[in-house]
Amino acid sequence: MANIKSAKKRIVTSAKRAERNKAIRSSVKTYIKNVEAAVAAGNKEEAEKALTVAISAITKAEHKGLYHKNNAANKVSRLTKAVNKLA
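Residues numbered from 1 in each chain as written. Predicted model: local features only at pLDDT ≥ 70, side-chain atom pairs only at ≥ 80, totals over all residues. Heavy atoms only, no water.

### Quick word on the overall build of the protein
When helices and strands are counted, the protein shows three helices and zero strands. Going from N to C terminus, the protein has its helices and strands arranged as α-α-α. Here the C-alpha radius of gyration of the protein, 17 Å, is well above what a compact globule of 87 residues would show, namely 12 Å. Considering only C-alpha atoms, the protein reaches an extent of 60 × 20 × 15 Å along its principal axes. The 87 residues of the protein split such that 22% are buried. Of the contacts formed within the protein by residues at least 6 apart in sequence, a portion of 62% connects residues at least 24 apart. Accessible surface for the protein amounts to roughly 6500 Å². Of this, 53% is attributable to carbon and sulfur atoms. Side-chain charges of the protein comprise 20 positive and 6 negative groups, with the mean position of each set lying 15 Å from the other. (Helix = DSSP H or I, 4+ residues; strand = E, 2+ residues; numbered from the N terminus. Rg over C-alpha atoms; globule rule 2.2 N^0.38 Å. Buried < 20%, exposed > 50% of the residue type's maximum accessible area, 1.4 Å probe, protein only. Contact = heavy atoms within 4.5 Å. Areas by Shrake-Rupley, 256 points an atom, 1.4 Å probe, with all protein chains shown as cover. Lys, Arg positive; Asp, Glu negative; His and termini not counted. Charge placed at Lys NZ, Arg CZ, Asp CG, Glu CD.)

See the structure below:
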């Protein structure tokens, strides 16, 4: 256990950040699953709505430093490609 005040504070703040990051990652995964479910159901309208929400969430997570820019771009690209295949 840390004895120094700044080290104790570091433990608390890093725990808070980890919790926040975990929540954001989880919500991004949920949005991605929503898009994939709509694509699997063949519902293009619903898939497009879910895609815009998912892209927004992925971009926000990227700007917060949770995803590398290329990783975020790959996620967006994969989802967009899947939605565009529905015709």
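### A few points about helix α3 (residues 69-85)
With 17 residues, α3 extends 24 Å from end C-alpha to end C-alpha; this agrees with the ideal 24 Å at 1.5 Å per step. Those residues of α3 that sit buried are Ala 72, Leu 79 and Val 83. On an axial view of α3, the arc spanned by its buried residues comes to 40°, and they lie on one face. Exposed positions of α3 whose direction lies more than 90 degrees from the buried face are Asn 74, Lys 81, Asn 84 and Lys 85. Elements that come into contact with the buried residues of α3 comprise α1 (5-41) and α2 (44-63). (Expected span 1.5 Å × (residues − 1). Arc of directions from axis to C-beta.)

### Observations concerning the packing of α1 against α2
Packing of α1 against α2 leaves a shortest axis separation of 8 Å and a crossing angle of 160°. Considering their axes alone, α1 and α2 lie roughly antiparallel with respect to each other. Read as a crossing pair, α1 and α2 show a hand that is left-handed. In contact with Ile 24, Val 28, Tyr 31, Ile 32, Asn 34, Val 35, Ala 38 and Val 39 of α1, α2 contributes Glu 46, Ala 47, Ala 50, Leu 51, Val 53, Ala 54, Ala 57, Ile 58 and Ala 61. Of the residues that constitute the contact of α1 with α2, the class distribution is 15 nonpolar, one polar and one charged. (Axes fitted to C-alpha atoms, helices over the stretch in contact; angles between N-to-C directions. Parallel < 35°, antiparallel > 145°, perpendicular 65-115°, else oblique. Left-handed = near helix turned anticlockwise from the far one by under 90°. Nonpolar A, V, L, I, M, F, W, Y, C, P; charged D, E, K, R; others polar.)

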